[in-house]
Amino acid sequence: MKEVILKRERIFHFLALGLVAVSLFIRVPEQKLGLLMAGILGLLILSLLKKQKLLIGIYAVLIVAAVVFYYLMTSGKINSF
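Residues numbered from 1 in each chain as written. Predicted model: local features only at pLDDT ≥ 70, side-chain atom pairs only at ≥ 80, totals over all residues. Heavy atoms only, no water.

**Describing the packing of helix H3 (residues 29–50) against helix H4 (residues 53–74)**
Contact pair H3 / H4: the axes reach a minimum separation of 9 Å and the direction vectors enclose 170°. When the axis of H3 is compared with that of H4, the two are roughly antiparallel. Counted together, Pro29, Glu30, Lys32, Leu33, Leu36, Met37, Ile40, Leu41, Leu43, Leu44, Ser47 and Leu48 of H3 and Leu55, Ile56, Tyr59, Leu62, Ile63, Ala66, Val67, Tyr70, Met73 and Thr74 of H4 form the full contact between these two elements. Taken together, the residues that form the contact of H3 with H4 break down as 18 nonpolar, two polar and two charged. (Axes fitted to C-alpha atoms, helices over the stretch in contact; angles between N-to-C directions. Helix = DSSP H or I, 4+ residues; strand = E, 2+ residues; numbered from the N terminus. Parallel < 35°, antiparallel > 145°, perpendicular 65-115°, else oblique. Contact = heavy atoms within 4.5 Å. Nonpolar A, V, L, I, M, F, W, Y, C, P; charged D, E, K, R; others polar.)

**Observations concerning the side chain of serine 47**
Examined against the element boundaries, serine 47 turns out to sit in helix H3. Setting aside anything within four residues of it in sequence, one finds serine 47 in contact with Gln52, Leu55, Ile56 and Tyr59.

**Structural notes on H3**
In this model H3 runs 31 Å from its N-terminal to its C-terminal C-alpha over 22 residues, within 8% of the 32 Å that 1.5 Å per residue would give. By the burial criterion, the buried members of H3 are Lys32, Leu33, Met37, Gly39, Ile40, Leu43, Leu44, Leu46 and Ser47. Of the surrounding secondary structure, the elements contacted by the buried residues of H3 are helix H1 (2–7), helix H2 (9–23) and H4. Positive backbone phi, approximately 60°, marks lysine 51, located one or two places after H3. (Expected span 1.5 Å × (residues − 1). Buried < 20%, exposed > 50% of the residue type's maximum accessible area, 1.4 Å probe, protein only.)

**As for the nonpolar core**
Ranked by size, the top nonpolar core spans nine residues in total: Ala16, Leu33, Met37, Ile40, Leu43, Leu44, Tyr59, Ile63 and Ala66. Mapped by element, the contributors of at least two residues to this core are H3 and H4. Ranked by residue count, the leading element in this core is H3, at five residues. When near neighbours in sequence (up to four residues on either side) are disregarded, leucine 43 contacts His13, Ala16, Leu17 and Tyr59. (Core = buried A, V, L, I, M, F, W, Y, C linked by side-chain atoms within 4.5 Å.)

Just geometry here; none of it tells us what the structure is for.
This is the structure in structure tokens:
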């Protein structure tokens, strides 16, 4: 399975980035977080398979930031655009 994913890495990378980009245009906070997390997790999995330690750390921080942003948006401290 790992070989198949790494063989088609560019496709998975493009799809993960596409999910992150689509999440920018969605107004419903739950859907926005779901797509954003799916995209970041896709990028994180690719980084784990390629053993890129710096990117693993960056994507982990982005996941935490997405959850914090979701909390602030649903609690009313940040208005949804």
